[in-house]
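Survey of secondary and tertiary structure
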Amino acid sequence: MSTFVTHARLQTRASDQVELLRRSIPDKIKLGTVASWQRVTSKEPFAVTAIDGLRTWWQRRTGDEELPIEGDASAFLISLVVHLTLLVTLGLIPAMIKPDRPTLHVSITPPEAKEVELALPEEFTFSSLPAAKAGANSYSGEAMALSLAPVLAEVADVPQHVEIDTRVDVGRIEVNNAIELATGTHYADNVAVKGAAGEGITGAEGAIDRLTHEILLSLEERKTLVVWLFDGTASLIPQRQAIRDRFERIYQELGIIEATANPAFAKHENKPLLSSVLAFGSATHLMTKKPTDNVAELKQAVSDIPNDDSGTENVFAAIHDIARRFAEYRYTTANRPEPERNVMIIVITDEAGSDQQRAEEALKFCRRMAMPVYVVGVPAPFGRRETMMKWVDPDPQYNQSPQWGVVEQGPESLLPERINLSYSGSQDDEELIDSGFGPYALTRLCYETGGIFFAVHPNRNVTRDVTRRETEPYSAHLSRFFDPEVMRKYRPDYVSLGEYEKRARQNKARWSLIQAANQQQLGQMESPTLRFVKSEEGAFAAALTTAQQKAAALEPRIESLFKLLEQGEADRGKETVLRWQAGFDLAIGRVLAVKVRTETYNAMLAAAKRGLKPKDPKNNTWVLDPSDQVSVGSQFAKQAEKAKTYLTRVVSEHPGTPWAHLAERELANPLSWQWKEEFTDLTPPARPAANANVVVNPPPPPRPAPPPMPVVLPRPAPTRPPPKL
């Protein structure tokens, strides 16, 4: 009975499992799986026999009638095995069956490029004021830097403000920040900027108008004291009057600005602008007892300046005294961390100064006090110390005819850099031209303190030469002027004497030029004889010998000057500064030209002494004409070509400069000579033959003319020589 029950249970559970499998397995494999299971469970004899045998063995061993696997435990085990088998089978079905998957093809069509027409702005604005700084350090900040930079940098390279140590032994000095924004580009030890080396203008009024702007810039920082320092010599009378008349406009303009509530005036209370007037000559005179803002008082002070006829102009001593007198405005203390006022020194003069040995002393003190110096001066003659000034007596009771006096207005460099070689034997032929800059010491003072040098000349004209007749009274005669924009690239070295010599010795071409320029005046042959009449052989030879003596006396001096410059040729190719390049090339080119011209003259005369055969036998006169063809000596031909090479290079590489102008003038004169023959009638004029038989009655003497009526001429105005200028 128990066997039958067990078998029935198994059969029932198997049927349940088959039903479960049928429901869970997909239709396409359901039939095969159920059939297999039925085959396994349908073998009753084998299953029953196995179970009966196992039960009998178990009863003998334990005495129990039922096996442990009979009941719920056996059903659980069978169910577990069946389900594991089904799970494994279901997991392997996807690997055995390969479904038909469709192949997808994806294609992308790029969009058509469309041209976008950019609309240009119809209106734009710009500022006429120059920007003090550029890029991210400008007023526009990062926006300006981003708009200009092609690549965005990881770290912005923006200049940072560096505080300048202005401490000195005598007290605390603060750098004038107004000067930082004025004109300069370099930094010095105690001064934030360098000033302008030269501003070419035609009148003092233009300089004063520019100074009005400089005064306003100073007022934007703090209260300001303007010190007017006038040259007391008589040659400055017209300029003093012009500036005095300009005072009204200067302070009127500043007054108008003040009335419009300009911040430059609004930030300072009581009297933001004060002025003082002084005069200098052999001594310094204070024309205003104390600084004032009264325009009438300032104008009267200028009118009261006495004429100084000593001819001495101690301008640097006067500047130094002024700086010390008003230094109290620049001192700072613990209770006053800011200076009380800015101090601007404005000098009006027409000479280089008689006390240039004190220039360094004045410069250092003005730098310490941060006092900018402005000079309304005159242009320096190129490479020369003295010029000729046109003088017309200011008193109409005296003769108004122009007279010429010597004045010292140069040179533009610390040491002369132009050789003393005239274009002919007469020194009157020495051409004085504009250097493009002011006298060296005064210009350096402006440059080092942050001021401006104004080179004033009423005849400034860069398009043509200026004659002596055109030169305005109280002005020096300069025959040629040059464009300031061109000359800026040829600025001298504004340094101390020690530094100047150090830089000059760095290149042999520089040093040889300075040595050659300090030699004595050297002229060419004085009125050389060019015409020789051959009446007799002895007289002809003697005339040639006499003419050779002039050339022979000049040749050693020219040879010495050439040897001096020749030492610098080795370093000429290393020179990179335009000013030194032009100076050396002009010097050696001119010396070679004069050397060839002198030595070929001597050689042509020597050849003539050996005999000349005229093409026409009747010709008896030989004339030397200038020529570019060197017919005597191959060494002279080589030197002539070398001279042309140097001079031509100056003209081509430095156009519009004094060096090019002088090189062109030298090239205009041929470097050698050639003989031309002529006929000179040596027969004396025939006298009329005398005839004793013919009596010639002489004509009666003419009657004396009646005496002319007396004419009363006005008495000429007395003439007095020009004072020391």
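Residues numbered from 1 in each chain as written. Predicted model: local features only at pLDDT ≥ 70, side-chain atom pairs only at ≥ 80, totals over all residues. Heavy atoms only, no water.

Digging into the overall build of the protein
Within the protein, the secondary structure is distributed over 20 helices and 15 strands. Counting the 725 residues in the protein, one finds 41% classified as buried. Restricting the contact set of the protein to residue pairs at least 6 apart, pairs at least 24 apart contribute 78%. When the accessible surface of the protein is totalled, it reaches about 42100 Å², and 55% of it is carbon and sulfur. (Helix = DSSP H or I, 4+ residues; strand = E, 2+ residues; numbered from the N terminus. Buried < 20%, exposed > 50% of the residue type's maximum accessible area, 1.4 Å probe, protein only. Contact = heavy atoms within 4.5 Å. Areas by Shrake-Rupley, 256 points an atom, 1.4 Å probe, with all protein chains shown as cover.)

As for the sheet that holds strand 13 (residues 531–533)
Read across the open sheet, the three strands follow the order 13-14-15; overall the sheet is antiparallel. Lying at the two open borders of the sheet, with one neighbouring strand each, are strand 13 and strand 15 (672–678). Taken pair by pair, the neighbouring strands of this sheet meet at an average axis angle of 25 degrees, ignoring direction. Sheet strands in contact with helix 18 (residues 578–609) are strand 13, strand 14 (621–627) and strand 15, and its direction is about 35 degrees off that of strand 15. (Pairing = 2+ DSSP bridges. Axes fitted to C-alpha atoms, helices over the stretch in contact; angles between N-to-C directions.)

Let's talk about the nonpolar core
Grouped together as the largest cluster of nonpolar side chains are 46 residues, with contacts concentrated most on L565, L586, I588, V591 and W659. The biggest single contributor to this core is helix 18, with 11 residues. Apart from the residues within four sequence positions on either side, W659 is in contact with F382, M487, Y490, R579, A582, G583, L586 and V650. Counting residues in hydrophobic clusters, the runner-up holds 33 residues, among them L274, V315, A323 and V375. (Core = buried A, V, L, I, M, F, W, Y, C linked by side-chain atoms within 4.5 Å.)

Side note on the packing of aromatic side chains
Here the structure, examined in full by the defined rule, presents 11 aromatic pairs. Seen in terms of ring centroids, Y500 and W580 are 6.3 Å apart; in terms of plane orientation they differ by 50 degrees. Their pairing is tilted. Highlighted residues: Y500 in helix 15 (residues 497–504) and W580 in helix 18, separated in sequence by 80 residues. Here Y500 and W580 have matching classes, each one buried. When the centroid spacing of 6.4 Å and the interplanar angle of 85 degrees are considered together, the rings of W622 and W675 count as edge-to-face. Residue W622 is found in strand 14, and its partner W675 is found in strand 15; the two are separated by 53 residues along the sequence. Judged by relative accessible area, W675 falls into the buried class, the value being 18%. Each member of the aromatic cluster is reached from another via a ring pair, and the members are F382, Y490 and W659. (Phe/Tyr/Trp six-rings, centres within 6.5 Å; stacked < 30°, edge-to-face > 60°.)

Focus: the packing of helix 11 (residues 315–325) against helix 13 (residues 440–449)
For the pair helix 11 and helix 13, the least separation of the axes is 11 Å and the interaxial angle reads 25 degrees. Our classification of the angle between helix 11 and helix 13 gives roughly parallel. Residue-level inspection shows V315, F316 and I319 of helix 11 in contact with helix 13, the latter providing A441, L442 and L445. Along the lines of polarity and charge, the residues of the contact of helix 11 with helix 13 split into six nonpolar, no polar and no charged. (Parallel < 35°, antiparallel > 145°, perpendicular 65-115°, else oblique. Nonpolar A, V, L, I, M, F, W, Y, C, P; charged D, E, K, R; others polar.)

Re the pattern of salt bridges
Scanning the entire structure with this criterion turns up 33 salt bridges. The partner of R444 in a salt bridge is E360, and the shortest N-O contact between them spans 2.6 Å. Within this pair, whereas R444 is found in helix 13, its partner E360 is found in helix 12 (residues 359–369), the two being separated by 84 residues in sequence. Of the charged contacts in the structure, one is a salt bridge between E431 and R665, with a shortest N-O distance of 2.9 Å. Of the two residues, E431 is situated in the loop between strand 11 (403–408) and helix 13 and R665 in helix 20 (residues 658–667); the sequence distance between them amounts to 234 residues. Each member of the salt-bridge network shares a partner with another, and the members are E559, K563, E566, K595 and E599. (Salt bridge = Lys/Arg side-chain N within 4 Å of Asp/Glu carboxyl O.)

Details of helix 10 (residues 295–303)
For helix 10, every residue scored as buried is listed here: V295, L298, A301 and V302. One face of helix 10 carries all of its buried residues, which in axial projection span an arc of 120 degrees. Where helix 10 begins, the capping side chain belongs to N294, and its oxygen is found 3.0 Å from the backbone nitrogen of A296. (Arc of directions from axis to C-beta. Polar contact = N/O pair within 3.5 Å; in protein donor to acceptor, adjacent residues only side chain to side chain.)

Structural notes on unusual backbone geometry
Glycine aside, negative phi is the norm for most residues, and most peptide bonds take the trans geometry. In this model, G410 is joined to P411 through a cis peptide bond whose omega is 0 degrees. Structurally, P411 can be placed in the loop between strand 11 and helix 13. One non-glycine residue with positive phi stands out, namely A370, at about 55 degrees. With respect to the helices and strands, A370 occurs in the loop between helix 12 and strand 9 (373–377). We note that Y474 has phi near 65 degrees; this positive angle belongs to a residue other than glycine.

Digging into the pairing of strand 8 (residues 342–348)
Counted residue by residue, strand 8 has seven buried out of seven residues, so it is predominantly covered. Side chains of strand 8 alternate between two faces, with N342, M344, I346 and I348 and V343, I345 and V347 buried alike. Both strand 4 (residues 224–231) and strand 8 contribute to a ladder of seven bridges, which runs parallel. Among the inter-strand pairings, T224 is bridged to a residue of strand 8, identified as N342. Pairing between strand 8 and strand 9: four bridges, direction parallel. Among the inter-strand pairings, I348 is bridged to a residue of strand 9, identified as V376. Each parallel crossover has a hand, and for strand 8 linked through helix 12 to strand 9 it is right-handed. (Right-handed = clockwise from strand over helix to strand, strands pointing away.)

Regarding helix 12
Among the residues of helix 12, A359, A362, L363, F365, C366, R367 and M369 are the ones counted as buried. Positioned one or two residues after helix 12, A370 has a phi angle of 55 degrees, which is positive.

A look at the packing of helix 16 (residues 508–517) against helix 17 (residues 537–566)
To describe two helices that pack against each other, one gives the angle between their axes and the distance between the axes. Between helix 16 and helix 17, the least distance of the axes is 8 Å, while the angle of their chain directions is 155 degrees. One element, helix 16, and the other, helix 17, form an angle in the roughly antiparallel class. Mapping the contact onto sequence places S512, L513, Q515 and A516 in helix 16 and L561, L564 and L565 in helix 17. Split by residue class, the contact of helix 16 with helix 17 holds five nonpolar, two polar and no charged.

Here we look at the confidence of the model for the protein
The predicted model of the protein has a mean per-residue pLDDT of 78, with 70% of residues at 70 or higher. Within the model, the stretch residues 1–8 combines pLDDT values under 50 with seven contacts to residues more than four positions away or in other chains. Confidence over residues 154–193 falls short of pLDDT 50; this stretch has 80 contacts with residues more than four positions distant or in other chains. (pLDDT = per-residue confidence, 0-100.)

So, a nonpolar patch on the surface
A grouping of L80, L84, L87 and L90 is seen on the molecular surface, where their side chains present a nonpolar patch of about 380 Å² in accessible area. Among the secondary structure elements, L80 is positioned in helix 4 (residues 72–96). Looking at L80, the relative accessible area reads 41%, which means it is partly exposed. (Patch = residues over 30% accessible without salt bridge, like charges linked within 9 Å, V, L, I, M, F, W, Y side chains within 5 Å.)

Description of the state of the cysteines
Under the defined criterion, the tally for this structure stands at zero disulfides. With no disulfide of its own, C366 lies 9.9 Å from the sulfur of C446, the closest cysteine sulfur. In this structure C446 comes out as buried when scored by relative accessible area, which is 0%. (Disulfide = S-S within 2.5 Å.)

Side note on the side chain of Q409
Mapped onto the secondary structure, Q409 falls in the loop between strand 11 and helix 13. Among the polar contacts listed, one links the side chain of Q409 to the side chain of T387, at a separation of 3.2 Å. With near-sequence residues (within four places) excluded, Q409 lies in contact with D350, E351, A352, V378, P379, A380, P381, R385, T387, M389, P439 and A476.

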